[in-house]
Number of protein chains: 2
Amino acid sequence: MGQPAQISARPSQLKPSSKKRTHLWLLLIPLLCFLSISTPRLGLVGLGEETQRSSPPSPEPAFPDLPRHCAAIPAISTSTFEARRNTLAKRLRQLGAAAYIAEPSSSAAYYFNVSDAHWRLSERPLLFVVTPSVSATADRDGDISANVSILTPKFEATRAKLLPLSPSAYIQWAEEQDPFAVLFDALRLPSNSTVFIDGSARLFVADGLQRALPHGQVQNAPPQVVEIRERKTVEEINILKCANEATLLAIRATHKRMRIGMHESDARELVAGALAAVGLEHAGCLTLFGENAALPHGSGTNRVLQKEDFALFDCTGQLHGYWSDVTRTVALPDSSIPEDHLAIWHHVHAAQSLARVATYPGALTNHPDIVARARLMLDGYAPYFTHRLGHGIGLDVHESPYLRGVPAAQATLIQTGHTFSDEPGVYIEGKVGVRLEDCMVVEEGAPYATFLTAGVGGAALSPWEP
Amino acid sequence: MGQPAQISARPSQLKPSSKKRTHLWLLLIPLLCFLSISTPRLGLVGLGEETQRSSPPSPEPAFPDLPRHCAAIPAISTSTFEARRNTLAKRLRQLGAAAYIAEPSSSAAYYFNVSDAHWRLSERPLLFVVTPSVSATADRDGDISANVSILTPKFEATRAKLLPLSPSAYIQWAEEQDPFAVLFDALRLPSNSTVFIDGSARLFVADGLQRALPHGQVQNAPPQVVEIRERKTVEEINILKCANEATLLAIRATHKRMRIGMHESDARELVAGALAAVGLEHAGCLTLFGENAALPHGSGTNRVLQKEDFALFDCTGQLHGYWSDVTRTVALPDSSIPEDHLAIWHHVHAAQSLARVATYPGALTNHPDIVARARLMLDGYAPYFTHRLGHGIGLDVHESPYLRGVPAAQATLIQTGHTFSDEPGVYIEGKVGVRLEDCMVVEEGAPYATFLTAGVGGAALSPWEP
């Protein structure tokens, strides 16, 4: 049969099992060593008891100075998920759509608390559906609420019922049936309905739905639906702040333990340990030394850190499903970074600061990108700033809206509740790469964006003070 | 920036790094123990040298009896990838389509040797395109060949050029551009072209392509294209055979080391070790004891094996990108399985055998399913056989065509080169679950399908002889 999909009741319970196993070994090693020393068959009976007990090195956590930074931050509450679905239902009604359909994905995580980590995508569709339910006296928005259905493979219905959600209906399709026809039969939508599909759904799903509703319109969910997820609430912002703070703390702790001569892979393992210690899930870091950092998404080598090298860490990790994204380009106490590389660091730093103050409610999303690029242009580095300034961040590391230098007609407005990365960079292939990244939030009452890392000091001060 | 995507030159170089790390610890433990014993500061200097050297248990591989079964099987050759693309180009020409477009996926792995393990999907499209290239004297199929283009984010062009492929063109889109408009500008297709998109592509990609080609047709690739991948060549069948043989060998080796009283998680770890020892990549096993096996894709508990329990292993693993899928439901020497559960095992076994001989060229794909179901109906177990008989297998664990009991009009023909799973099962919730699975191949000249595991004995003989 193959390809089992696992269910977990809550995202916070999801941990990569292989990671768990590694940690188990870390605990087991001292124990095994102790046993091998204290076991008579190894011929160690002559040793004094005192020696035996004190001999094994006491197990030392890799980062004892890193507490689980976000232990007090609550996950999204059940009532919030319900409120989100009701907002969606009202929006569907306004747009004249009969349903919204998502596969397990970040959008499904937003509305239904089920991501593709909870239910792995396969060729058998599992779909989440919201239809607006209108009360008999509906004349106001308040009378519209969300009706939830789950379309599930019949033989997996028991497993689907373990999902953390109580839908109005479980619609089951048997293996010999067309799942999409079964869905529309059960929903009893008018045959000329408009149905919105989450944009991350696979084409064959959208295609199958359209074939099962030949007189209706099955289409990619429009911006008016997508934007519901874009503006974050205080509950979400608190999670995002803590995740980003924790990530920065982990990078700083790693920085203190680095040394000239180590490999990229060593540093990568070190920072992974720090991110785990600080309590983030599914964490990972691009870790690139010297010229390797000139390829913004990585090279294939495992470079040894030279005195002349910057080290670049671009780290992400999850808290309650929400992502962090922080990049630091650092030097060590005994580094000797070339003057022109140091200059680039400071140009990028200035561009990052300027972009943040150019991010305010009512500005266009292309504005911070243009400002940062203009700053780098002054010194001739604009051609080496090869990617957009930033991306939205939330349940996806990269999500809309994006901070890109598109023409004004294609840009949208920056609004309160938006969260973006601010990550200018300069990449000169074969020489050097510098990127600095803190995510920011546009909050009510503030003149411009705040870094999500502000609680632990925010932006880097110098390559030696990340 | 976050979400780096890694490139590997060949699938065989891809290994989950966390797994690597676990294995590293397995090697390090004896070493650390040895060092702690032989180090003077631990006060062990008084021991005789002989004792010191012989004391630490010599490192024993977990499965010394399992050689890397498929070491001699070659990966798909460069010329095969080229031939596949030329076949696709001819098919496009026959169907009047101007292009075929895929995201990194199993289809891209088939034509371009790039899966989503090599280049992780993000919101920035990386697309592979085949357009038919017709020579000036084209009057025969042989004069049509494939033109390959890669659409890549501009700032990642250097990384894209590390992909194991030499396209005619790298088409680069800058961050402020519409990637789909850039693609069609570069391809210079007639504005009313028909373009096929691989069905696993995400809706927003298909949607963006359609918007960029408003007078053309952008559509899910039709069955005539999908079926190219369905019929396997000898080169592919050799890989599939060895992967499935190796998987069965790993299950058998695991079976020998099990004991009553162990947890599902222990058995899962054991079989994972066996699959790694035998040389498969990305391997994993559903491992379910007793009534837990009644949920075909798993339960949430970590059951202890009772004397009355069957243990079900449903294992997959990859060789050169191709998957195995083998299920065994086993008993231990000191198990005492209830009579009615044993009877179920033998009914399922009979259904599996019958389904295999019902799988031959020219039969409809619903035929083997109907035959297996009829066999189980004789004894009243058909209602508990809740899923289809089987699925195609290749670069996806589950791929078309499927062996399902659909009406004849919806079935397709079984042809030589088809590879399917044959996996009847009986699932009685709260009581018992039995599934037996061997994949099979429909080969030229054979009256009916052969099990891909035939080289190591094929189907199980009894619950004690898997």
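Along each chain, residues carry numbers from 1 onward, in the same order as the chain's sequence is written. Both sets of labels track the order of writing: A upward for chains, 1 upward for ligands. In view of the model being predicted, local features appear only for residues whose pLDDT reaches at least 70, and side-chain atom pairs are presented and counted only at 80 or more, with totals across whole chains, interfaces and linings using the full set of residues. Hydrogens and water molecules were not included; the side-chain quantities draw on all heavy atoms of the structure.

As recorded in an unreviewed UniProt entry, chain A goes by Peptidase M24 domain-containing protein and comes from Pleurotus ostreatus. Of chain A, the UniProt comment under Cofactor (unreviewed entry) reads exactly: "Mn(2+)". UniProt positions are given in the numbering used here, feature names are shortened, and annotations may be inferred rather than shown by experiment.

Draft legend 1. Structural view of the layout of surface pockets. Only protein atoms enter the calculation, which uses a 1 Å grid: trapped sets of points that fit a 1.4 Å probe without letting it out are cavities, open sets showing protein on both sides within 12 Å along at least five of seven lines are pockets, and any residue with an atom within 4 Å of a point is a lining residue. Grid points are joined across faces, edges and corners, and a volume is the space filled by probe spheres set on the points. Approximately 410 Å³ is the volume found for the second largest pocket. In this structure, the second largest pocket is lined by 17 residues; those nearest its centre are Leu203 and Val218 of chain A together with Leu203, Asp207 and Val218 of chain B. A run of H or I in DSSP becomes a helix once it reaches four residues, and a run of E becomes a strand once it reaches two; helices and strands are each numbered from the N terminus. The set of elements that each furnish at least two residues to the lining of the second largest pocket consists of α7 (203-212) and β6 (217-220) of chain A together with α7 (203-212) and β6 (217-220) of chain B. A total of 5 residues in the lining of the second largest pocket trace back to one element, the largest contributor, which is α7 of chain B. Three residue categories are used. Nonpolar comprises Ala, Val, Leu, Ile, Met, Phe, Trp, Tyr, Cys and Pro, charged comprises Asp, Glu, Lys and Arg, and polar comprises the others, including Gly. Taken together, the residues of the lining of the second largest pocket sort by class into 6 nonpolar, 8 polar and 3 charged.

Draft legend 2. Summary view of the sheet that holds β6 of chain B. Residues and elements named next belong to chain B. Think of it this way: DSSP has to see at least two bridges between two strands before they count as a pair. The strand order across the open sheet built from 6 strands is β4-β3-β2-β1-β5-β6, with neighbouring strands paired in mixed fashion. Of all strands in the sheet, those bounded by a partner on one side alone are β4 (169-173) and β6. Mean inter-strand twist for the sheet, computed between neighbouring axes without regard to direction, equals 25°. In the sheet, strand β2 (residues 127-134) pairs with strand β3 (residues 144-153) via 8 bridges, with the strands oriented antiparallel. Every axis in this analysis is a line fitted to C-alpha atoms, fitted for helices over the stretch in contact. Angles between the N-to-C directions lie between 0 and 180 degrees.

Draft legend 3. A look at the packing of aromatic side chains. In summary, the pairing rule links any two rings of Phe, Tyr or Trp, Trp by its six-membered ring, whose centres are within 6.5 Å, and it sorts them by plane angle into stacked for under 30 degrees, edge-to-face for over 60 and tilted for everything else. Considering all chains together, one arrives at 10 aromatic pairs over all chains under this definition. Between tyrosine 110 of chain B and tyrosine 111 of chain B, the aromatic rings sit 4.9 Å apart at their centres with planes inclined by 85°, giving edge-to-face as the arrangement. Each member of the pair, tyrosine 110 of chain B as well as tyrosine 111 of chain B, carries the same accessibility label: buried. Through successive ring pairs, a cluster of aromatic residues spans Tyr100, Tyr110, Tyr111, Phe112 and Phe128 of chain A. Definition used: whenever NZ (Lys) or CZ (Arg) falls within 6 Å of the ring centre and also within 35 degrees of the ring normal, the charge is taken to sit over that ring. One Lys or Arg, arginine 356 of chain A, reaches over the ring of phenylalanine 451 of chain A and ends 5.0 Å from the middle of that ring. Any residue under 20% of the maximum accessible area for its type is buried, any over 50% is exposed, and the rest in between are partly exposed; the area is computed with a 1.4 Å probe on protein chains only.

Draft legend 4. Examining helix α10 (residues 264-277) of chain A more closely. Residue and element names in this part refer to chain A. Relative to the 20 Å expected for 14 residues at 1.5 Å per residue, α10 spans 20 Å between its end C-alpha atoms, a close match to the ideal helical length. Among all positions in α10, only Glu264, Ala267, Val271, Ala274 and Leu275 are buried. Viewed end-on, α10 has its buried residues packed into an arc of 95°, placing them on one side of the element. Note on contacts: a residue pair qualifies if any of its non-hydrogen atoms lie within 4.5 Å across the two residues. Considering only its buried residues, α10 is in contact with α9 (234-256), β7 (281-289) and β8 (311-319). Positive phi appears at glycine 279, one or two residues downstream of α10, with a value of about 100°. Every helix has an expected span of 1.5 Å times one less than the residues it contains. Taken from the helix axis, the directions to the C-beta atoms give the arc we talk about.

Draft legend 5. Up close: the environment of proline 67 of chain A. Residue and element names in this part refer to chain A. With respect to the helices and strands, proline 67 occurs in the loop between α2 (49-54) and α3 (78-95). For the pair formed by proline 67 and alanine 246, sequence separation is 179 residues and the distance between their alpha carbons is 9.3 Å. If near-sequence neighbours (up to four positions away) are discounted, proline 67 is found in contact with Ala277 and Val278.

Draft legend 6. The side chain of aspartate 438 of chain A, seen in detail. Residue and element names in this part refer to chain A. Mapped onto the elements, aspartate 438 comes out in strand β16 (residues 438-441). Its relative accessible area of 0% is what places aspartate 438 among the buried residues. Within the local environment of aspartate 438, its side chain forms a polar contact with the side chain of arginine 328, the two groups lying 2.9 Å apart. If we skip the residues at most four places from it in the chain, aspartate 438 touches Leu248, Arg328, Gln352, Phe420, Ser421, Asp422, Phe451, Thr453, Gly458 and Ala459. Between N or O atoms, a polar contact is any pair within 3.5 Å; within protein, one atom must be a potential hydrogen donor and the other a potential acceptor, and residues adjacent in sequence are included only when both atoms are from side chains.

Draft legend 7. Structural context of the sheet that holds strand β1 (residues 99-102) of chain A. Residues and elements named next belong to chain A. Strand order across the open sheet formed by 6 strands is β4-β3-β2-β1-β5-β6, with mixed pairing between neighbours. One side of each edge strand has no neighbouring strand; the edge strands of this open sheet are β4 (169-173) and β6. Strand-to-strand, the axes of this sheet are offset by a mean angle of 25°, without reference to chain direction. The sheet contact formed by strand β3 (residues 144-153) and β4 spans 5 bridges and is parallel. Paired with serine 149 across the bridge in β4 is alanine 169. This element, α3, spans β1, β2 (127-134), β3 and β5 (194-197) of the sheet and lies at about 100° to β3.

Draft legend 8. Quick peek at the state of the cysteines. All names here are of chain A. Cysteine sulfur atoms are paired as a disulfide whenever they fall within 2.5 Å. In total, this model carries 4 disulfides over all chains according to the counting rule given. Residue cysteine 70 pairs covalently with cysteine 242 via a disulfide, S to S 2.2 Å. On the sign convention where negative is left-handed, the bridge of cysteine 70 and cysteine 242, at about -105° about the S-S bond, is left-handed. Note that cysteine 70 is positioned in the loop between α2 and α3 and cysteine 242 in helix α9, a separation of 172 residues in sequence. By relative accessible area, which is 8% here, cysteine 70 ends up buried. The disulfide bridge from cysteine 285 ends at cysteine 315, spanning 2.0 Å between sulfur atoms. What sets the handedness of the cysteine 285 and cysteine 315 disulfide is the S-S torsion sign, and at about 115° it is right-handed. Note that cysteine 285 is positioned in strand β7 and cysteine 315 in strand β8, a separation of 30 residues in sequence. Looking at chain A, its bonded cysteines, counted consecutively from the start of the sequence, adopt the pairing 1-2, 3-4.

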